Amino acid sequence: MSLTKNQTRYLRTLAHSLKPVVIVGQSGITKAVLDEIAGSLEHHELIKIKMHDAEREERSAMIKHVLQVTQAELVQVIGRIGIFYRRGEKARITLP
């Protein structure tokens, strides 16, 4: 599922007030971190992930890996924070 420009804008406004749910540390993206991200996406649908101790290229690779494994959509990346969306079984967020 690809997000339209209008849907992306809507999700960014919803994510503005959110705090990061998952924080990636020195160990990077591990199996446990991926499980936590997947669980958070299922429960919340829209989450923020903060990536510490990673250079720009590493963060980009982490984001691509998370997107591939979780089947989520990237809403926005600002610095070390990425915003991800994946529709859950019971949709909590109604997209325009």
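Computed from a predicted structure; not experimentally measured. (Residues numbered from 1 in each chain as written. Predicted model: local features only at pLDDT ≥ 70, side-chain atom pairs only at ≥ 80, totals over all residues. Heavy atoms only, no water.)

Enquirer: What exactly am I supposed to notice about helix H1 (residues 5–15) here?
Expert: Looking only at H1, the buried set comprises Gln7, Thr8, Leu11 and Ala15. Buried residues of H1, viewed axially, fall in a sector of 100 degrees; they line one side. Seen from the open side of H1, the exposed residues pointing more than 90 degrees away from its buried face are Lys5 and Thr13. On its buried face, H1 is in contact with strand E2 (46–51), strand E3 (73–78) and strand E4 (81–85). (Buried < 20%, exposed > 50% of the residue type's maximum accessible area, 1.4 Å probe, protein only. Helix = DSSP H or I, 4+ residues; strand = E, 2+ residues; numbered from the N terminus. Arc of directions from axis to C-beta. Contact = heavy atoms within 4.5 Å.)

Enquirer: Quick question: what am I supposed to make of helix H2 (residues 31–44) here?
Expert: Residues that lie three or four places apart on an α-helix share one face, since the helix turns once every 3.6 residues. Between its terminal C-alpha atoms H2 stretches 20 Å, which fits the 20 Å expected from 14 residues at 1.5 Å a residue. All buried positions along H2 are accounted for by Val33, Leu34, Ile37, Ser40 and Leu41. The buried residues of H2 occupy one face: seen down the axis, they fall within an arc of 125 degrees. Facing away from the buried surface of H2 by more than 90 degrees, the exposed residues are Lys31 and Ala32. (Expected span 1.5 Å × (residues − 1).)

Scope: geometric values only; no functional claims are made or implied.
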